[in-house]
Amino acid sequence: MADGANGGGTLRDWMEAQLREQLAPERLDVIDESHLHAGHSGARPGGETHYRLDIVASAFAGKSRVERHRLVNALMEEAFKRGLHALALRARTPEEAA
């Protein structure tokens, strides 16, 4: 998506900024995998529909896998409204990533 979720930049840029602001991750990889889904449901020319996130943040401490995914999906609600179709997620604490 050319205009991102906030009206400027790419959707990837917006997602990364939002996650950094809200979760203060020690590690964050935001990977556009849209090209792997060409011709599938939700895919669009230009991509920015399918992403993989790898997040290492203390904010996940004490949360179950489901709670972590719900937290990230809630933060990405606007991205889904703007065309994000699928989000693969790996969410770990710094201790789990060590």
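Refer to the preceding data block for the structure.
Residues numbered from 1 in each chain as written. Predicted model: local features only at pLDDT ≥ 70, side-chain atom pairs only at ≥ 80, totals over all residues. Heavy atoms only, no water.

Draft legend 1. Examining the nonpolar core more closely. Met15, Leu19, Leu53, Ile55, Val72 and Met76 are the most contacted members of the largest nonpolar core, which totals 20 residues. With five residues, helix α1 (residues 11-23) is the single largest residue contributor to this core. Setting aside anything within four residues of it in sequence, one finds leucine 19 in contact with Ala24, Pro25, Leu28, Leu53, Ile55, Val72, Leu75 and Met76. (Core = buried A, V, L, I, M, F, W, Y, C linked by side-chain atoms within 4.5 Å. Buried < 20%, exposed > 50% of the residue type's maximum accessible area, 1.4 Å probe, protein only. Helix = DSSP H or I, 4+ residues; strand = E, 2+ residues; numbered from the N terminus. Contact = heavy atoms within 4.5 Å.)

Draft legend 2. Highlighting the pattern of salt bridges. Per the stated rule, a full pass over the model turns up ten salt bridges. For aspartate 13, the salt bridge identified is with arginine 12, shortest N-O distance 3.9 Å. Among the residues examined, arginine 12 registers a relative accessible area of 28% and is labelled partly exposed. For glutamate 16, the salt bridge goes to arginine 12, with nearest N and O atoms at 2.7 Å. Here glutamate 16 pairs with arginine 12, and both are found in helix α1, just four residues apart, close to one helical turn. For glutamate 16, a relative accessible area of 18% puts it in the buried group. Sharing partners across several salt bridges, the network here consists of Arg12, Asp13, Glu16 and Arg20. (Salt bridge = Lys/Arg side-chain N within 4 Å of Asp/Glu carboxyl O.)

Draft legend 3. Broad picture of the packing of α1 against helix α2 (residues 65-75). As a packed pair, α1 and α2 sit with axes 10 Å apart at the nearest point and diverge in direction by 125°. Comparing their axes, α2 and α1 come out oblique. Read as a crossing pair, α1 and α2 show a hand that is right-handed. Counting all contacts with α1, which are made through Trp14, Gln18, Leu19, Gln22 and Leu23, the residues of α2 involved are Leu71, Val72 and Leu75. A breakdown of the residues in the contact of α1 with α2 according to their chemical character gives six nonpolar, two polar and no charged. (Axes fitted to C-alpha atoms, helices over the stretch in contact; angles between N-to-C directions. Parallel < 35°, antiparallel > 145°, perpendicular 65-115°, else oblique. Left-handed = near helix turned anticlockwise from the far one by under 90°. Nonpolar A, V, L, I, M, F, W, Y, C, P; charged D, E, K, R; others polar.)

Draft legend 4. Region of the structure containing α2. All of the buried residues in α2 are Arg68, Val72 and Leu75. Along the long axis of α2, the arc covered by the buried residues comes to 60°, so they all point the same way. Where α2 is buried, its residues meet α1, β2 (50-56), α3 (77-81), β3 (86-92) and α4 (94-97). (Arc of directions from axis to C-beta.)

Draft legend 5. Up close: the environment of alanine 88. As for its position among the elements, alanine 88 is in strand β3. On a C-alpha basis, the gap between alanine 88 and glutamate 33 in space is 9.6 Å, while along the polypeptide they are 55 residues apart. Not counting residues within four places of it along the chain, the set of residues in contact with alanine 88 comprises Tyr51, Arg52 and Leu53.

Draft legend 6. Molecular detail of unusual backbone geometry. Located in the positive-phi region is alanine 24, a residue other than glycine, with phi close to 45°. Summarising the element assignment, alanine 24 is placed in the loop between α1 and β1 (27-32). Looking at alanine 24, the relative accessible area reads 57%, which means it is exposed.

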